[in-house]
Amino acid sequence: MPLIETQRLGKEHSGKQVLKDINLRVQNGEIFVLIGPNGAGKTTLLRILDLLDEPSSGSVLFDKTPVNYSASAKLALRRRIGMVFQQTALFNTSVFNNVAYPLKVRGENGNTAEKKVKETLKMVQLEGFESKNALKLSGGEAQRVALAQALVTEPELLLLDEPTANLDPKAVSIIEEALSRVNRERQTTIVMTTHNMFQAQTLAQKAALLLDGRIEKTGTIQEIFEVPSRHLASFARLENVFSGVSSVVEEGTSLVDIGGGLRLEAAFTKTGEVTIYVSPKDVILSKNPIVSSARNTFKGRIVEVADLGPTVRLKVNAGRVFVVQITKRSFKEMRLNVDSEAFLTFKASSVQAV
Amino acid sequence: MLEVLHVTLLSLRVSGTAVLIGALIGVPIGTLLGLRRFRGKQSLMRFVDITLRSIVNTFMGLPPVVAGLVVYLLLTGSGPLGPLGLLYTPTAMIITQLIMVIPIMIGVTMSAVGSVEQGVREKALSLGATDTQAAWTVLREARMGLLTAIIVAFGAAISEVGGIMITGGNIRWVTRTLTTAIVVEVELGNFALAITLGLILLALAFVINIALTVIQLRGAKR
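Residues numbered from 1 in each chain as written. Chains lettered and ligands numbered in written order. Predicted model: local features only at pLDDT ≥ 70, side-chain atom pairs only at ≥ 80, totals over all residues.

Q: Talk me through the overall build of chain A; I want residue IDs and the actual numbers.
A: Looking only at helices and strands, chain A has 10 helices and 20 strands in total. Since a compact globule built from 354 residues should have a radius of gyration of about 20 Å, the 23 Å found for chain A is in line with a globular shape. Its C-alpha atoms give chain A principal-axis dimensions of about 70 × 45 × 35 Å. Counting all 354 residues of chain A, 37% fall into the buried class. Across chain A, contacts joining residues at least 24 apart in sequence account for 67% of those joining residues at least 6 apart. (Helix = DSSP H or I, 4+ residues; strand = E, 2+ residues; numbered from the N terminus. Rg over C-alpha atoms; globule rule 2.2 N^0.38 Å. Buried ≥ 20, exposed ≤ 12 C-beta atoms within 10 Å, placed from the backbone. Contact = placed C-beta atoms within 7 Å.)

Put into structure tokens, the structure is as follows:
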């Protein structure tokens, strides 16, 4: 059942059409990401979904009912929604008071409220921060407080605007974990914007690609990313996107020279300039060369390790830098570290032209 | 000695009352203007908004003597409010200082509220606050600015001479304050006394500012 829906929604800002003909349908309990370059209208759309702005045309449906913009109806609806802004404005008071604020304005005080605040702070791993002043926190901590503020009322719908932009990897993984947990345990529906394509792929089930105020493409995450469009590659920090020169070796197989002495075998027939993409999930990492049917194997050196909690993300320089994602378990068992030598293996069919 | 005490207390009473009443009137108006309720697409609203702001800014720089003159003309025997018999009373002096204090309170509150308005108000609304609760939250976040408004207004009021000289009349034991007493003593050639009064005035301003600054710093830490 759709929880929130927009129909032919448009928004005009001082004569400029910021959103055009937006038709979205977010189902109950799903995580939906809005991706697109800066200025595509993602934030405007989220603000309309949070009822902070009214659409110039079209309508928003919440629970299949068109949104009524009277003050009391807006308040009632907003109290079922949680929102995390990109630029976090916390109140100049303790972390506890900040997180208790949404409960206080709803008339909830006392022990139950205190318990809820504590539980929510635990969810974003900020136990013990209760009495600290919220304005003295680091960027990552502040964003986790902002998330706690949105989560403490257990909203049906959670809206997030670039929740992990410019944060340290630890804060990013804490926030991602909290998001997937509320989605799993409370069936909270989440609509978020992100620039982080990896985050979009790991967290969300559905996505919409927003370009210039229009929806360019919408569908499941697989549909959006399996065959990344040229648009997506042009703005997204997509990992493992390379441009090179392709030459056909035989029907259905080409060799793509991407520089750095690397020639990738690809399962397509193309000649000339191409842009290719290798999904980080399709790359196998090994300490020694492995014998397999996969057509591409390259030796490289690990240049960066980022701990994402259950998984580890590595950057491996094999002439060009590849991003690889592996579980923490295999990372430990393989005793890898920065500067370790490693082999990358992937199939010719994993090399996609975009 | 007793007279010096009386003069000091009257100064505090007049300026303190003016600031208090001025805050009660100026803070709500400044908050409303700062919340930009008048901002809208309608050109009439914009016109009202711009006019109001310009009036406030003009009156923030109003010479106290002019305020005194206006109040004098209102309260004088043949003036519209003459029958009230308020001329040459501390009440007349409070009214005079109110005219200069209110625009200061409005102006400083307006900019303090305006500087936190956008982010804080929307944040409060999105967290489920009603419009009124959100406005209170904005005011609370702007509390440092409100304290600044009080400090600025009190400083202006306690050091003011021209206005209260006209409407108070500088009558011994009745309407003589620290500032108007200094004027008289200088005219009489009693420089020692004038300097003493001046030092008292300075010390008063200093003590009150220390108190307010302490509150301000504590507020910042909370």
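Q: I'd like a description of the pairing of strand β11 (residues 241-250) of chain A, backed by residues and values.
A: All names here are of chain A. Strand direction decides the pairing type here: β11 and strand β14 (residues 272-278), joined by six bridges, are antiparallel. The residue of β14 that forms the bridge with V245 is E273. Taken together, the five bridges between β11 and strand β12 (residues 253-259) define a ladder with antiparallel strand orientation. Residue pairing across strands places E250 opposite T253, the latter belonging to β12. As consecutive antiparallel partners, β11 and β12 are separated by two residues, and within that stretch G252 has a phi angle of approximately 90°, a positive value. (Pairing = 2+ DSSP bridges.)

Q: Outline the confidence of the model for chain B, supporting the account with residue identities and numerical values.
A: Summary statistics for chain B give a mean pLDDT of 89 and a share of 95% for residues scoring 70 or more. The ipTM value of the predicted complex is 0.75, and its pTM value is 0.76. (pLDDT = per-residue confidence, 0-100.)

Q: I'd like a description of unusual backbone geometry, backed by residues and values.
A: Of note, the phi angle at Q187(A) is positive, near 55°, even though the residue is not glycine. The backbone of Y88(B) shows a phi angle near 65°, a positive value even though the residue is not glycine. With respect to the element layout, Y88(B) can be found in the loop between α3 (64-75) and α4 (90-126).

Q: Give a detailed account of helix α8 (residues 178-188) of chain B, specifying residues and quantitative values.
A: An α-helix turns once every 3.6 residues. As a result, residues three or four positions apart point the same way. For α8(B), the full list of buried residues reads L178(B), T179(B), T180(B), A181(B) and I182(B). Within two residues after α8(B), G189(B) carries a phi angle of roughly 80°, on the positive side.

Q: Give a detailed account of the packing of helix α1 (residues 2-34) of chain B against helix α6 (residues 143-158) of chain B, specifying residues and quantitative values.
A: Residues and elements named next belong to chain B. Orientation of α1 relative to α6, taken along the N-to-C sense of each, is 140°, at an axis distance of 9 Å. Judged by the inter-axis angle, α1 sits oblique to α6. Considering the relative orientation of α1 and α6, their crossing is right-handed. Contacts between α1 and α6 involve S11, S15, A18, V19, G22, A23 and V27 from the former and L146, I150, A153, F154, A157 and I158 from the latter. Taken together, the residues of the contact of α1 with α6 break down into 10 nonpolar, three polar and no charged. (Axes fitted to C-alpha atoms, helices over the stretch in contact; angles between N-to-C directions. Parallel < 35°, antiparallel > 145°, perpendicular 65-115°, else oblique. Left-handed = near helix turned anticlockwise from the far one by under 90°. Nonpolar A, V, L, I, M, F, W, Y, C, P; charged D, E, K, R; others polar.)

Q: Give a detailed account of the pairing of strand β8 (residues 189-193) of chain A, specifying residues and quantitative values.
A: Residue and element names in this part refer to chain A. The buried fraction of β8 is high, at five of five residues. On β8, burial covers both faces: T189, V191 and T193 on one face and I190 and M192 on the other are all buried. Of the pairings in the sheet, the one linking strand β3 (residues 31-35) to β8 comprises four bridges and is parallel in character. Across the sheet, the residue bridging to F32 is V191, located in β8. Note that the unit made of strand β7 (residues 157-161), helix α6 (residues 169-185) and β8 has a crossover that is right-handed. (Right-handed = clockwise from strand over helix to strand, strands pointing away.)

Q: Lay out the sheet that holds strand β16 (residues 296-307) of chain A in plain terms, naming residues and giving numbers.
A: Residues and elements named next belong to chain A. Taken together, the five strands give an open sheet; going across it, the order is β15-β19-β16-β17-β18, and neighbouring strands pair in antiparallel fashion. Looking at strand neighbours, the two that pair on one side only are β15 (284-286) and β18 (321-327), the edges of this open sheet. Pairwise comparison of adjacent strand axes, ignoring direction, gives a mean angle of 45° for this sheet. Pairing of β16 with strand β17 (residues 311-317), which is carried by six bridges, proceeds in the antiparallel orientation. Paired with D307 across the bridge in β17 is V312.

Q: Got a sec to walk through the interface of chain B and chain A? Specific residues and values, please.
A: Chain B puts 16 residues into the contact, and the matching count from chain A is 20 residues. Going through the elements one at a time, α4 and α5 (131-141) of chain B are the ones with two or more residues in the side of chain B that touches chain A. Among the elements that make up the side of chain B that touches chain A, the one with the highest residue count is α4(B) (six residues). Among the residues making up the side of chain B that touches chain A, the classes are represented as four nonpolar, six polar and six charged.

Q: An account of the nonpolar core is requested, with residue identities and associated values reported.
A: By size, the foremost hydrophobic cluster in this structure holds 126 residues, and its most contacted members are V101(B) and M105(B). Those residues in contact with M105(B) that lie beyond four places of it in its chain are G22(B), A23(B), G26(B), V27(B), G30(B), A149(B) and A153(B). Listed in part, the 19 residues of the second largest apolar core include I276(A), L285(A), F322(A) and L344(A). (Core = buried A, V, L, I, M, F, W, Y, C linked by C-beta atoms within 7 Å.)

Q: Break down the sheet that holds β14(A) for me, citing the residues and quoting the values.
A: Residues and elements named next belong to chain A. Reading across from one edge, β13-β12-β11-β14-β20 is the order of the five strands in this open sheet, with antiparallel pairing throughout. With partners counted over all chains shown, the strands left at the sheet margins are β13 (262-266) and β20 (351-353), one partner each. Pairwise comparison of adjacent strand axes, ignoring direction, gives a mean angle of 45° for this sheet. Strand direction decides the pairing type here: β12 and β13, joined by five bridges, are antiparallel. Looking across to β13, one finds that G259 is bridged to L262.

Q: Help me get a handle on the environment of P102(A), residues and values and all.
A: On the secondary structure map, P102(A) appears in helix α3 (residues 95-105). The spacing of P102(A) and L147(A) is 45 residues in sequence and 12 Å in space, taken between C-alpha atoms. Setting aside anything within four residues of it in sequence, one finds P102(A) in contact with Q149(A), V152(A), T153(A), L127(B) and G128(B).

Q: Now, about the domain arrangement of chain A: what can you tell me, with residues and values included?
A: Domain annotation for chain A reports domain 1 (2-235) and domain 2 (241-245 + 276-353). Between the C-alpha centres of domain 1 of chain A and domain 2 of chain A the distance comes to 32 Å. (Domains from an automatic or database assignment.)

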